[in-house]
Amino acid sequence: MGFTVAPDAVHPFGTENACVFLADGTYLEPLAIAQRETCEAEAKKGNVFVARDQAYRFRNGADGFSALAFSTQDATSDHTGFVATGYSGGKPLSFSRVFNDGKGNKAKRAFKLAFANDLRSPDSFMFSCERVGETPDRSALQKHANGVTGLSAVVMSESNPSDFQYFLQEVANQRETGSDSFGISLKTGTTSLSLYNQDGMQSWFGLAPISLERGLRLAGLVFQVRKLDKLAQILAANDIGSRTLHNRIIVDRARGQGAFFAFEERK
């Protein structure tokens with residue numbers, strides 16, 4: 001689809017990723033199993049990140065949109081807040097890994113994670129992520145042939161969106177919530193969190209619900225792109241099917257993708 005993908009990076013608890021970094025500071029983290037035995041052992045020790053990933057794969061297979069991460073300056077404080085409100089997903093996690101900037105330069109990166117959980121949603125989890133130390137230069141990895149510059153919205157689905165309003169407000173640290181007959185929305189940083197019911201998913205994206213089961217489902221992403229016609233050319237050249245709705249180009253869920261990708265033009 002024209003994204004620049006960072007070199008593979010291995011976590012110390014058995015998973016690995018190949019991130020897609022965007023210029024607005026958001027990123028995608030495609031996640032894979034590097035060492036299954038290590039993952040299973042870490043999950044038994046109480047590593048929430050691995051345990052929830054393992055649970056998602058068991059219920060949904062290898063493809064999917066399983067988690068949402070929020071940038072934070074203080075993961076320890078976030079954990080305290082999640083515990084106080086009854087939304088803690090388990091004990092915090094601290095770790096480090098090697099980062100490759102795509103130019104051959106490598107540096108160790110450290111992170112602290114605080115997990116949030118709503119027991120009514122077994123197929124989605126959320127966490128805040130504190131980067132420890134300086135952020136390395138990722139400029140070379142933030143330039144994408146498809147012209148994507150940032151993430152406009154994270155799209156979620158649930159038959160009664162208001163049931164998850166308080167949970168999302170706590171995790172996003174945002175109390176101002178918009179609502180209409182289609183669902184609710186919150187603004188966090190430069191990205192909106194949009195939770196739609198079945199009618200909202202059909203109206204805005206032409207999609208049926210991922211599942212008829214209750215619970216918060218992470219459904220798709222809306223990207224900002226400089227020119228839609230350039231994106232359309234890249235998709236066509238790579239034989240990737242797409243459709244247009246509400247001045248957006250939409251690439252539906254596919255194997256390995258796990259979520260629908262929508263693109264809208266922003267000057």
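A few points on the structure. This structure is a prediction, so every number in the text was calculated from the model and none was measured.

The next thing to look at is the packing of aromatic side chains. The tally for this structure, following the rule as stated, stands at 16 aromatic pairs. The ring of F164 has R120 lying over it, and the distance from NZ or CZ to the ring centre is 4.3 Å.

One number sums up the size of the largest pocket: a volume of about 1,400 Å³. In terms of lining residues, the largest pocket is bounded by 48 residues, among which Y27, L28, E29, P30 and F65 are the most central. Considering each element in turn, the lining of the largest pocket owes the most residues, five residues, to strand β6 (residues 67-71). Lining the second largest pocket are 21 residues, with S185, S192, S194, Y196 and R248 sitting closest to its centre. Those elements giving two or more residues to the lining of the second largest pocket turn out to be β10 (148-157), β11 (177-180), β12 (183-188), β13 (191-196), α5 (198-205) and β14 (217-225).

Throughout the structure, instances matching the rule amount to 12 salt bridges. With a shortest N-O distance of 3.0 Å, D123 and R217 are connected by a salt bridge. Taken together, the residues span a long stretch of sequence, with D123 in the loop between β8 (106-116) and β9 (125-132) and R217 in strand β14 at a distance of 94 residues. There is no split in this pair, since D123 and R217 are both buried. Here D252 makes a salt bridge to R243, at a shortest N to O gap of 2.8 Å. Residue R243 is classed as partly exposed on the basis of its relative accessible area of 24%. Members of the salt-bridge network, linked through shared partners, are R59, D123, E213 and R217.

Take the sheet that holds β12 next. Spatial ordering of the open sheet is given by β11-β12-β13-β10-β14-β17-β16-β15, a layout of eight strands whose pairing is mixed. In the strand order of this sheet, the two ends are held by β11 and β15 (243-245), each with one partner. Taken pair by pair, the neighbouring strands of this sheet meet at an average axis angle of 25 degrees, ignoring direction. Bridging between β11 and β12 involves four bridges; their strand directions are antiparallel. The residue of β12 that forms the bridge with D180 is G183. Taken strand by strand, α5 contacts β10, β13, β14, β15, β16 (248-251) and β17 (260-265), and its axis lies near 125 degrees from that of β13.

Taken together, the buried positions of helix α3 (residues 75-85) are occupied by A75, H79 and F82. Down the axis of α3, the buried set is contained in an arc of 65 degrees. They therefore lie on one face. Exposed and facing more than 90 degrees away from the buried side of α3 are T76 and A84. The inward-facing, buried residues of α3 abut β8, β9 and α4 (165-172). Its side-chain oxygen placed 3.3 Å from the backbone nitrogen of T76, D74 serves as the N-cap of α3.

Among the eight residues that make up α4, six are buried, leaving the element largely enclosed by the rest of the structure. Residues of α4 that are buried include every one of F167, L168, Q169, E170, V171 and A172, and no others.

For the coordinates displayed, the defined rule picks out five cavities of 30 Å³ or more. What the largest cavity holds in volume is close to 180 Å³. Lining of the largest cavity is provided by 18 residues; of these, Y27, E29, R97, F111 and C129 occupy positions nearest its centre. Going through the elements one at a time, β7 (93-100), β8 and β9 are the ones with two or more residues in the lining of the largest cavity. The residue inventory of the lining of the largest cavity, partitioned by class, reads 11 nonpolar, two polar and five charged. Of the pockets and cavities examined, the second largest cavity occupies roughly 100 Å³.

What follows deals with the sheet that holds strand β2 (residues 15-17). A sheet is described by the order of its strands in space; here three strands give the open sequence β1-β2-β5, paired in antiparallel fashion. This sheet does not close on itself; its edge strands, each paired only once, are β1 (9-10) and β5 (31-33). Pairing of β2 with β5, which is carried by three bridges, proceeds in the antiparallel orientation. Among the inter-strand pairings, T15 is bridged to a residue of β5, identified as I33.

What counts and how
- Note that residues are indexed from 1 along each chain, following the sequence as it is written.
- A pLDDT threshold of at least 70 governs which residues receive local features in this predicted model, and a stricter bar of 80 or more applies before side-chain atom pairs are shown or counted, although totals over entire chains, interfaces and linings include all residues.
- Side-chain metrics in this entry use all non-hydrogen atoms of the structure; hydrogen atoms and water are not considered.
- Pairing of aromatic side chains here covers Phe, Tyr and the six-membered ring of Trp, requires ring centres within 6.5 Å, and sorts the geometry by plane angle: under 30 degrees stacked, over 60 edge-to-face, intermediate tilted.
- Note on criteria: charge over ring means Lys NZ or Arg CZ within 6 Å of the ring centre, with the direction from the centre no more than 35 degrees off the ring normal.
- Cavity means a closed set of points on a 1 Å grid over the protein atoms alone, one where a 1.4 Å probe fits but cannot get out, pocket means an open set with protein on both sides within 12 Å along at least 5 of 7 lines, and lining means a residue has an atom within 4 Å of a point.
- Grid points are joined across faces, edges and corners, and a volume is the space filled by probe spheres set on the points.
- Put simply, DSSP marks the helices as runs of H or I at least four residues long and the strands as runs of E at least two long, and each gets a number from the N terminus on.
- Any carboxyl oxygen of Asp or Glu within 4 Å of a side-chain nitrogen of Lys or Arg constitutes a salt bridge here.
- When accessible area is computed with a 1.4 Å probe and restricted to protein chains, residues below 20% of their type maximum are described as buried, those above 50% as exposed, and intermediate ones as partly exposed.
- Should DSSP find at least two bridges between two strands, the strands are regarded as paired.
- Every axis corresponds to a line fitted to the C-alpha atoms, with the helix fit spanning only the stretch in contact, and the corresponding angles, defined between N-to-C directions, vary from 0 to 180 degrees.
- Residues count as neighbours in contact if any of their non-hydrogen atoms are within 4.5 Å of one another.
- Directions are taken from the helix axis to each C-beta atom, and the arc is the one they span.
- N or O atoms closer than or at 3.5 Å make up a polar contact, with two conditions inside protein: a donor-capable atom paired with an acceptor-capable one, and, for residues adjacent in sequence, both atoms drawn from side chains.
- We call Asp, Glu, Lys and Arg charged. Ala, Val, Leu, Ile, Met, Phe, Trp, Tyr, Cys and Pro are nonpolar, and the rest, Gly among them, are polar.

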